[in-house]
Amino acid sequence: MTSQDTLTFHPQTACFLAPYLPAVFPTSSTHPHPHPFTTLTYAASLDSHLSLSPGAQTYLSGPLSKSLTHYLRSRHSAILIGVSTAVADDPGLNSRLRGVDLEGQPRPIIIDPDFRWEFTRDSRVLKTAREGNGKAPYIIVNASNAAAVDEDRLRWLAEAGGRVFWMPELPSEPGPRSSSSSRSRWSWDQILGFIKSECKVDSLMIEGGGVVINSLLSSPGNLKLINSVVITIAPVYLGQGGVNVSPAAQTGESGQRVSAVKFKEVQWNVLGNDVVMVARPDV
Ligand SMILES: NC(=O)C1=CN([C@@H]2O[C@H](COP(=O)(O)OP(=O)(O)OC[C@H]3O[C@@H](n4cnc5c(N)ncnc54)[C@H](O)[C@@H]3O)[C@@H](O)[C@H]2O)C=CC1
Ligand SMILES: Nc1nc(O)c(N)c(N[C@@H]2O[C@H](COP(=O)(O)O)[C@@H](O)[C@H]2O)n1
């Protein structure tokens, strides 16, 4: 890592985070939890956009909140993103905080059921791993695509120390298959269970993008899977047409609209020009 890439971070800046972080030494119990400790985190504009458009990487976090994200990365065993984020951003997905060694780096996990991420040996996450500045990615692909996967990408992944995990397809819903359901979708219960049992991950930071975040926020069942949220809000409007965070509408018992998601144990912290909300879903 060059010194230009290295971020510094004063731990006292993160005092407010402590109760929301996974345990440093997870205790084993006779009834181990089936899912990893899961933190949902992202940066959004004032109009709740993650980026200017689906394919555009957009820098929202200022230097302090960016360092906070890299601290969070160093405190989780893995970071998860959807494949469209990998395609759009060519991300490094490591922690660039001074003093974080390879052991302290998170494992990047990309949810890519159809193996459509056309990475090369030069993709950042692979270069970062080969240079010893991060771990190589695990890519979760639908097991029914195993026969169609090209050998080059499997080799480049293996060279860097990464691998594909083949996850079984969910049984399809009865009834006609519409074009919108023709793409594989797993439940978050299934994804998190698989990541814990097969990828051996105890703590997971979910970074995005929009499809991933909106689906996690769109049902009480999914919200129960989230232990903490860390959301940075930057002082900018990106304008209409961006990738928006806005969960599905929810209705109450008599059909009236109710809030989609509420939070408890909320703390707001000003970091430079940004505010960072830490909280837990109220479900
Ligand atoms: N500001 C921020 O903090 C962040 C911004 N971004 C931005 O978000 C944008 C990308 O977001 P999106 O286009 O919404 O895509 P996305 O990154 O959420 O990926 C969506 C894809 O992931 C896979 N996927 C997601 N959930 C799945 C499930 N339950 N089962 C199976 N497959 C699943 C599918 O292939 C789906 O098409 C980019 O512009 C990126 O720069 C991404 C992460 C963080
Ligand atoms: N916290 C945060 N702030 C922003 O402004 C962002 N654009 C993102 N994006 C996420 O970080 C990934 C890039 O990571 P590297 O710096 O390349 O390691 C990107 O893919 C999003 O997951 N996050």
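Because the structure is predicted, anything quoted here is derived from the model rather than measured.

Participant: Help me understand the overall build of the protein, please; the structure alone is not making it clear to me.
Facilitator: Broken down by element type, the protein carries seven helices and 13 strands. Against the compact-globule benchmark of 19 Å for 283 residues, the protein has a radius of gyration of 19 Å, which places it among compact chains. Each of the three principal axes of the protein carries a C-alpha extent, and together these read 60 × 50 × 50 Å. Residue pairs in contact within the protein that sit at least 24 positions apart in sequence constitute 77% of those at least 6 positions apart. Taken as a whole, the protein presents about 14,400 Å² of accessible surface, with 52% of it coming from carbon and sulfur. For the protein, the separation between the mean place of its 25 positive charges and that of its 25 negative charges on side chains is 3 Å.

Participant: Explain the site of ligand 2 here, please?
Facilitator: Around ligand 2 there are 16 residues in total, and Leu60, Ser61, Arg73, Gly92 and Arg96 lie nearest to it. At 2.8 Å, a backbone N or O of Gly92 approaches an oxygen atom of ligand 2. Protein contact buries 86% of the 520 Å² of open area that ligand 2 shows by itself. Residue assignment for the shell around ligand 2 shows that the elements contributing at least two residues are helix H1 (63–74) and helix H2 (83–89). Residue composition of the shell around ligand 2, grouped by class: six nonpolar, five polar and five charged.

Participant: Is there a simple way to explain the sheet that holds strand S12 (residues 263–271) in this structure?
Facilitator: By way of backbone hydrogen bonds, the strands of a sheet pair with one another, either parallel or antiparallel. Ordered in space as S6-S5-S4-S3-S7-S1-S8-S13-S12, the nine strands form an open sheet in which the pairing is mixed. Since the sheet does not close on itself, it has two edges, and those belong to strand S6 (163–167) and S12, each with one partner. On average, each strand axis in the sheet is tilted by 20 degrees relative to the strand beside it, whichever way the strands run. Alignment of strand S4 (residues 107–111) against strand S5 (residues 138–142), held across three bridges, turns out to be parallel. Following the sheet pairing, Ile109 is matched in S5 by Tyr138. Sheet strands touched by helix H6 (residues 210–217): strand S1 (37–44), strand S3 (78–82) and strand S7 (203–208). Its angle to S7, the strand with the most contacts, is close to 115 degrees.

Participant: Explain the site of ligand 1 to me, please; I cannot follow it from the model alone.
Facilitator: For ligand 1, the set of nearby residues contains 30 residues, the closest of which are Ala43, Ser51, Thr85, Asp89 and Val211. For ligand 1, an oxygen atom lies 3.4 Å from a polar atom in the backbone of Ser84. Considered on its own, ligand 1 offers 870 Å² of accessible surface; in the complex 92% of this is hidden by protein. Those elements giving two or more residues to the shell around ligand 1 turn out to be S1, strand S2 (49–51), H2, helix H5 (188–197), S7 and H6. Looking at the shell around ligand 1 residue by residue, the classes come out as 16 nonpolar, 10 polar and four charged.

Participant: Is there a simple way to explain the pattern of salt bridges in this structure?
Facilitator: Close approach of charged atoms allows side chains of opposite charge to pair. Summed over all chains, the structure comprises six salt bridges. Between Asp152 and Arg155 there is a salt bridge, with the nearest N and O atoms lying 3.3 Å from each other. Of this pair, Asp152 and Arg155 both sit in helix H4 (residues 151–160), three residues apart, roughly one helical turn. Note on Asp152: relative accessible area 35%, which makes it partly exposed. The class for Arg155 is partly exposed, based on a relative accessible area of 43%.

Participant: How should I be thinking about the nonpolar core in this particular structure?
Facilitator: When a protein is soluble and globular, its nonpolar side chains tend to lie buried together. If you look at the biggest cluster of nonpolar residues, it comprises 35 residues, and the most contacted ones within it are Leu80, Ile109, Ile140, Ile195, Leu204 and Ile206. The element that contributes the greatest number of residues to this core is H5, accounting for five residues. Residues Trp117, Ala129, Trp156 and Ala160 belong to the second largest nonpolar core, which totals 20 residues.

Participant: I would appreciate a short explanation of the pairing of S12 in the present structure.
Facilitator: Relative to strand S13 (residues 274–281), S12 runs antiparallel, the two being bridged by seven bridges. Its bridge partner lying in S13, Gln267 is registered against Val278. Taken together, S12 and the strand that follows it, S13, pair antiparallel across an intervening segment of two residues, in which Gly272 is found at a positive phi of about 60 degrees.

Participant: What am I meant to see in the side chain of Thr58 here?
Facilitator: By the element assignment, Thr58 lies in the loop between S2 and H1. Looking at Thr58, its side chain comes within polar contact range of the main-chain nitrogen of Leu52, at 3.0 Å. Polar side-chain contacts of Thr58 include one of 3.2 Å to the backbone oxygen of Ala56. Sequence-distant contacts of Thr58, that is, excluding residues within four places in its chain, are made with Leu50, Ser51, Leu52 and Leu238.

Participant: What is the right way to read H4 from this model?
Facilitator: Because each turn of an α-helix spans 3.6 residues, side chains separated by three or four positions in sequence point in the same direction. Taken residue by residue, H4 has Arg153, Trp156, Leu157 and Ala160 as its buried positions. The arc enclosing the buried residues of H4, seen along the axis, measures out at 100 degrees, which places them on a common side. Considering only its buried residues, H4 is in contact with helix H3 (124–130), S5 and S6. Positive backbone phi, approximately 105 degrees, marks Gly161, located one or two places after H4.

Criteria and thresholds
- Every chain is numbered on its own, with residues counted from 1 as its sequence reads.
- Lettering for chains starts from A, numbering for ligands starts from 1, and both go in the order in which the items are written.
- The predicted nature of this model means local features are confined to residues of pLDDT at least 70 and side-chain atom pairs, given and counted, to a pLDDT of 80 or more, with totals for whole chains, interfaces and linings taken over all residues.
- To get the side-chain values, all heavy atoms of the structure are used, and hydrogens and water are removed first.
- Note on conventions: DSSP H or I runs of at least 4 residues are helices, E runs of at least 2 residues are strands, and numbering of each starts at the N terminus.
- We take the radius of gyration over the C-alpha atoms and set the globule estimate at 2.2 Å times the residue count to the 0.38 power.
- Pairs of residues are marked as contacts when any of their non-hydrogen atoms sit within 4.5 Å.
- Note that accessible areas follow from Shrake-Rupley with a 1.4 Å probe, and for residues the cover is restricted to the protein chains shown.
- None of His or the chain ends enter the tally, which takes Lys and Arg as positive and Asp and Glu as negative.
- Charged side chains are reduced to one point each, which is NZ for Lys, CZ for Arg, CG for Asp and CD for Glu.
- If even one non-hydrogen atom of a residue comes within 4 Å of a molecule or strand, that residue is called near it.
- The term polar contact refers here to a pair of N or O atoms within 3.5 Å; inside protein, the definition further demands a hydrogen-donor-capable atom paired with an acceptor-capable atom, and it admits residues adjacent in sequence only when both atoms are side-chain atoms.
- Three categories are distinguished: nonpolar for Ala, Val, Leu, Ile, Met, Phe, Trp, Tyr, Cys and Pro, charged for Asp, Glu, Lys and Arg, and polar for the others, with Gly belonging to the last.
- Pairing between strands is defined by DSSP: at least two bridges between the two strands are required.
- The axes are straight lines fitted to the C-alpha atoms, using for helices just the contacting stretch, and the angles between their N-to-C directions are given from 0 to 180°.
- By definition, a salt bridge exists where a carboxyl oxygen of Asp or Glu is found within 4 Å of a side-chain nitrogen of Lys or Arg.
- The rule is simple: take the accessible area with a 1.4 Å probe, protein chains only, and divide by the maximum for that residue type; under 20% is buried, over 50% is exposed, in between is partly exposed.
- For this analysis, a nonpolar core means a set of buried residues of the types Ala, Val, Leu, Ile, Met, Phe, Trp, Tyr and Cys, connected via side-chain atoms within 4.5 Å.
- The arc in question is formed by the directions pointing from the helix axis toward the C-beta atoms.

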